[in-house]
Every structure is written in structure tokens, then in C-alpha cells.
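For reference, the chains in residue letters:
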Amino acid sequence: MIAAANQDLWQGGAACGKNFQVTCTGATNQGVPHPCTDTPTVTVMITDFCPPPGCKGDLDLSHEAFSTIADPRAGGIKISYQQYAAITCSIFLFSLTLYFPCFTTICSFYFCIRV
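Overview of the structure. (Residues numbered from 1 in each chain as written. Predicted model: local features only at pLDDT ≥ 70, side-chain atom pairs only at ≥ 80, totals over all residues. Heavy atoms only, no water.)

Another point: the state of the cysteines. A complete count under the given rule lists one disulfide for this structure. There is a disulfide in this structure between Cys24 and Cys36, and the S-S distance comes to 2.0 Å. As the torsion about the S-S bond is roughly -75°, the Cys24-Cys36 disulfide counts as left-handed. Remark: Cys36 occurs in the loop between strand S2 (19–27) and strand S3 (41–49) and Cys24 occurs in strand S2; sequence separation between them is 12 residues. A residue is classified by how much of its surface remains accessible, and Cys36, at 28% relative accessible area, is partly exposed. (Disulfide = S-S within 2.5 Å. Helix = DSSP H or I, 4+ residues; strand = E, 2+ residues; numbered from the N terminus. Buried < 20%, exposed > 50% of the residue type's maximum accessible area, 1.4 Å probe, protein only.)

Attention now moves to the side chain of Ser62. The topology assignment puts Ser62 in the loop between strand S4 (59–61) and helix H2 (63–69). Judged by its relative accessible area of 19%, Ser62 falls in the buried class.

Moving on: the nonpolar core. Grouped together as the largest cluster of nonpolar side chains are 20 residues, with contacts concentrated most on Val22, Val44, Ile46, Leu59, Leu61, Ile69 and Ile77. The set of elements that each furnish at least two residues to this core consists of strand S1 (2–5), helix H1 (7–10), S2, S3, S4 and H2. The residues contacting Leu59, other than those within four sequence positions of it, are Ala4, Ala5, Leu9, Val22, Ile46, Ile79 and Tyr81. (Core = buried A, V, L, I, M, F, W, Y, C linked by side-chain atoms within 4.5 Å. Contact = heavy atoms within 4.5 Å.)

The next subject is the packing of aromatic side chains. Any pair of aromatic rings gets described here by the distance separating the centres and the angle formed by the planes. All chains considered together, the criterion is met by two aromatic pairs. Seen from their ring centres, Trp10 and Phe49 are 5.7 Å apart, and the 35° between their planes marks the pair as tilted. In this pair, Trp10 is assigned in helix H1 and Phe49 in strand S3, connecting sequence segments 39 residues apart. (Phe/Tyr/Trp six-rings, centres within 6.5 Å; stacked < 30°, edge-to-face > 60°.)

Listed below in C-alpha cells is the structure:
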């Protein structure tokens, strides 16, 4: 699933391709009073920039990502998010993707190897 990042997160394109775990934490007092679903967390990859003034938050989730964590009728929700490093291992016909919380040392090491 994908999302667009605001100017602060985008950092001139540095966020492109990074993964974030996004959790619905509640309503924004618009639309649905209890918008979060039973599975309020999703992992998204940043694939685009959400420029101001159109971007009204930190992340602009795709419809698929938003509807996974919240009722689409809500329009906007409160979220918490954390950057994650994704490592995919493929052996023959099997593929496994692991997500790790992104602390400075882990991310620096991971992205250094990946590039």
C-alpha cells in the first residue's frame, strides 16, 4: 500500500521508497465519530509528495490504505506513525518481507546496503 508525504517528511525526495507503519488513533471531529477499524494499523510505502496547501496532514494515504485502518466516510483521521525498514528475502518460490522499527543505526545500515 502507498502514501504521499508532506513537505517535512518528504525531505526533497529522501522519503521516497521508505516504509511507515500507520495507526488510526481516533476521529478528527469530522464525519464518523469512531472511524478506526478492527485492524487499525497498516504499512505503507512513500511514493509521492503531497505539496502544501493541499496536504492537510503528515501523510496522505491511498484509498486502499485508508480504508484498511478507518471508515472511508470519515474523510480525515488522527494517526500515529513510525518509519520502518523493510527487508525482503526471496528463496525460490517463497518471499518473506520483514519490517523493523527504524532507529537511526538500523536505517542507516540498511539503506547503505540497499543503495
